Amino acid sequence: VAADTTDETVTVAEISSFQLETIKDFCPEISAVLNLTPDHMDRHQTMEKYADAKAQIFKNQNKNQYCIINYDDEECFKLAEKCSASVVPFSRKHELDLGAYVHDDIIIVRDKEKAVEICRADELQIPGAHNLENALAACAIAYFGGIDPEVISKVLKEFRGVEHRIELCNEIDGVRFVNDSKGTNPDAAVKAIEAIKKDIILIAGGYDKDSSFDDFVKAFDGRVKALLLMGKTAT
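This report concerns the structure included in the present document. Quick caveat, the model's predicted, so the values are computed rather than measured. (Residues numbered from 1 in each chain as written. Predicted model: local features only at pLDDT ≥ 70, side-chain atom pairs only at ≥ 80, totals over all residues. Heavy atoms only, no water.)

## A few points about the packing of helix α5 (residues 129-144) against helix α6 (residues 149-158)
Applicable threshold: Axis definition: a line fitted to C-alpha atoms, over the contacting stretch in the case of helices. Angles run 0 to 180 degrees between N-to-C directions. Numbering of helices and strands runs from the N terminus, with a helix taken as a DSSP run of H or I at least four residues long and a strand as a DSSP run of E at least two residues long. Small angles under 35 degrees read as roughly parallel and large ones over 145 as roughly antiparallel, with 65 to 115 read as roughly perpendicular and the rest as oblique. Handedness of each helix crossing follows the sense of rotation of the near helix against the far helix: counterclockwise by less than a right angle gives left-handed, clockwise gives right-handed. Two residues form a contact once any of their heavy atoms are found within 4.5 Å.
Running from N to C, α5 and α6 point in directions that differ by 150°, and their axes come no closer than 10 Å. It follows from the interaxial angle that α5 and α6 lie roughly antiparallel. In terms of crossing hand, the pair formed by α5 and α6 is right-handed. Contacts between α5 and α6 involve Ala-135, Cys-139, Ala-142 and Tyr-143 from the first element and Pro-149, Ile-152 and Leu-156 from the second.

Okay, structure coming up:
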């Protein structure tokens, strides 16, 4: 895809910490760091090294470019101290002087001149607090990327999620079958469990990336009524 782009092309890409470790000239016009939770410890070994890898996303940016970053994630927002770009926070818990936030259940984006209402949080079609955070980040990226607020609002109200992320596959005899196979670490799995809320028969397992499962197990309380384990982690 990169080879076929022109000066007019806008490319939106998710860049992994593995890719960011070895960047040299990579420099997005708008970067984003959505969270900082334990993952890939089998490769990075420590959270400090993992954070350093993620911070590479804005390594080459300047003050005329933007970095969208999670204000509610304390460790994540600390990365902004290393950033030379214009930092734009997003928050579902706090009203901000600049950035994307929720006030009275309304998603708002504020720049230096004005605050713009995008839509109501309950108009989102994707469940879970983490998806509200994702929507706020997307709002900030789009708004500071020059997209019309009406377009942002329309897309947020119509977007029903992607495959493998809390994807409702079917409902049979009152049982809803949900595919969240994109949840490849404990934190992602916890957020999916919290979004479903209760009466969950959870199929989990796979490959252990040296992550702690303490918070994952704590999230079961009152929600998971049965657990089926598979893969290497099952043992």
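## Re a nonpolar patch on the surface
The test is simple: Patches here: salt-bridge-free residues with over 30% relative accessible area, like charges joined within 9 Å, nonpolar side chains (Val, Leu, Ile, Met, Phe, Trp, Tyr) joined within 5 Å. Per-residue and other accessible areas follow the Shrake-Rupley method at a 1.4 Å probe size, with only the shown protein chains counted as cover for residues. The term salt bridge refers to a pairing of a side-chain nitrogen on Lys or Arg with a carboxyl oxygen on Asp or Glu at a separation within 4 Å.
Together, Ile-147, Val-151, Val-155, Phe-159 and Val-162 line one region of the surface with nonpolar side chains, adding up to about 390 Å² of accessible area. For Val-162, the location among the structural elements is in the loop between α6 and β7 (167-172).

## Quick look at the nonpolar core
This is how it is decided: Definition of nonpolar core: a set of buried residues of the types Ala, Val, Leu, Ile, Met, Phe, Trp, Tyr and Cys, connected through side-chain atoms within 4.5 Å. Only protein chains enter the accessibility calculation, which uses a 1.4 Å probe; a residue whose area is less than 20% of its type maximum is buried, one above 50% is exposed, and one in between is partly exposed.
If you look at the biggest cluster of nonpolar residues, it comprises 23 residues, and the most contacted ones within it are Ile-107, Ile-118 and Leu-156. Of all the secondary structure elements, the ones that give two or more residues to this core are β3 (86-91), β4 (99-103), β5 (106-110), β6 (115-120), α5 and α6. Per element, the largest residue contribution to this core is nine residues, and it comes from α5. For Ile-107, the contacting residues outside a window of four places in its chain are Tyr-101, Val-102, Val-116, Glu-117, Ile-118, Cys-119, Ala-121, Leu-124, Leu-132, Leu-136, Cys-139 and Leu-156. In this structure, Ala-55, Cys-67, Ile-69 and Ala-80 belong to the second largest nonpolar core, which totals 16 residues.

## Some remarks on the sheet that holds strand β2 (residues 66-70)
Pairing between sheet strands relies on hydrogen bonds along the backbone, with the strands arranged either parallel or antiparallel. Here is the rule we go by: Pairs of strands are assigned from DSSP output, requiring at least two bridges between the strands.
Read across the sheet, six strands follow the order β1-β2-β3-β4-β5-β6 without closing on themselves; strand pairing throughout is mixed. For this open sheet the edge positions go to β1 (30-33) and β6, each flanked by a neighbour on one side alone. This sheet shows a mean twist of 25° between the axes of neighbouring strands, independent of strand direction. Bridge count between β4 and β5: five bridges; the pairing is antiparallel. Note on β5: the bridge partner recorded for Tyr-101 is Ile-108. Contacting β1, β2, β3, β4, β5 and β6, α5 crosses the sheet at an angle of about 35° to β5.

Function cannot be inferred from these measures alone, as they are strictly geometric.
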